Amino acid sequence: MKHLISAADLSLDVTLALLDTAEEMSIVNEREIKKLPTLRGRTVVNLFFEDSTRTRISFELAAKRLSADVIGFTAKGSSVSKGESLKDTAQTLEAMGADAVIVRHHASGAAQNLATAGWISAHVVNAGDGKHEHPTQALLDAFTIRKRLHGAGSTGKNLAGVRVLIVGDVLHSRVARSNLHLLRTLGAHVAVAAPATLLPATPDALVAEHYFDLDEAIAKFKPDAVMMLRVQLERMSASFFPSAQEYSANWGLTRERAVALPATTLIMHPGPMNRGLEISSYAADAPQSTVLDQVRNGISVRMSTLYHLMAGDQQ
Ligand code: NCD
């Protein structure tokens, strides 16, 4: 594997290999000295054209724990046109010796472009491209579900029979798209619950199983995990729902809904959370919430990703 652009590109074997290596990395992350020499002498560049807290820091820590040198580049505020700015920036960074570029960009397809346009020869990892994909988020979500369900015996296991309900702003969510691909590859049963305005206009096979009522979805689908999506206000050019109060009442994981869930049903959210909108503080902080596990596991999954992409390169 040279690049990681889309969860749709990952076969079951490759997915399991990535998750299993992440298990090994999580053992390293529990040690007092959280460091492996694997990528010593290599350079990883974080190229972020969009805001990020978790993903950016997580990739930085992952690369550092594998002993790579890390450069952080925030392209916000650039006045160059998007395509040119991406190309010029990436070529400049490669000229300075970047072996891998972790890219987050507001344009769907930016990572694919960077990987295939022939501008650079470095490895490319998609850290979120517009509304398209965010494959390492899907990997860390799958890792988190597997770990909560199987504990220490997770290695080698898929998610056959696990029921995951993805809730909310599916239309604008790269997290939803990547999860729909990856969870199905792992054998999970996935459905979405969203208002019609926040589903793609012509729901494709990816979101074939959908509910237009959250309470009905929870009652009928009986999820093992509910994955709440952030309402992506920055990607909304029009009004997709009447008011925040109405959204929260109809689509939020309110205290009432969270209390009614079985104690074993996982509550997931990729962050950043809009507390009080798509998720109540009660739900976010409940014992069955995996929000902070997801953040923790993100480091192990990204170490695994960098390892699989880069460790075999000739120095
Ligand atoms: C997500 C993203 O940026 O796509 N956040 C993340 O990476 N943890 C989800 C979001 O912004 O809603």
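Anything mentioned here points back to the structure above.
An account of the accompanying structure is given in this report. (Residues numbered from 1 in each chain as written. Predicted model: local features only at pLDDT ≥ 70, side-chain atom pairs only at ≥ 80, totals over all residues. Heavy atoms only, no water.)

1. Comments concerning the sheet that holds strand β7 (residues 210-211)
Phase 1: One open sheet accounts for five strands, arranged β7-β6-β5-β8-β9; its pairing is parallel. The open sheet terminates on both sides in strands that have one partner only, identified here as β7 and β9 (266-268).
Phase 2: Taken strand by strand, helix α7 (residues 214-221) contacts β5 (163-167), β6 (189-193) and β7, and its axis lies near 175 degrees from that of β5. (Pairing = 2+ DSSP bridges. Helix = DSSP H or I, 4+ residues; strand = E, 2+ residues; numbered from the N terminus. Contact = heavy atoms within 4.5 Å. Axes fitted to C-alpha atoms, helices over the stretch in contact; angles between N-to-C directions.)

2. A short note on the pattern of salt bridges
Phase 1: Counting across every chain of the model gives 12 salt bridges.
Phase 2: When the shortest N-O distance is used, the salt bridge between D293 and R148 registers 2.9 Å. Residue D293 is found in helix α11 (residues 291-310), and its partner R148 is found in helix α5 (residues 135-150); the two are separated by 145 residues along the sequence.
Phase 3: For R148, a relative accessible area of 34% translates into the label partly exposed.
Phase 4: Residues joined in a network through salt bridges with shared partners are D20, E23, R146 and K147. (Salt bridge = Lys/Arg side-chain N within 4 Å of Asp/Glu carboxyl O. Buried < 20%, exposed > 50% of the residue type's maximum accessible area, 1.4 Å probe, protein only.)

3. A closer look at the site of the ligand
Phase 1: What surrounds the ligand is the set R54, T55, R104, H134, Q137, R174, V175, R230, Q232, P270, G271 and P272.
Phase 2: Within the side chain of R104, one N or O atom sits 3.1 Å away from an oxygen atom of the ligand.
Phase 3: Q232 is positioned such that a nitrogen or oxygen atom in its side chain is 2.7 Å from an oxygen atom of the ligand.
Phase 4: For the ligand, whose unbound accessible area comes to 310 Å², protein coverage reaches 94%.
Phase 5: Every element with two or more residues in the shell around the ligand is listed here: α2 (54-65) and α6 (174-185).
Phase 6: Residue classes in the shell around the ligand are distributed as three nonpolar, five polar and four charged. (Near = heavy atom within 4 Å. Polar contact = N/O pair within 3.5 Å; in protein donor to acceptor, adjacent residues only side chain to side chain. Areas by Shrake-Rupley, 256 points an atom, 1.4 Å probe, with all protein chains shown as cover. Nonpolar A, V, L, I, M, F, W, Y, C, P; charged D, E, K, R; others polar.)

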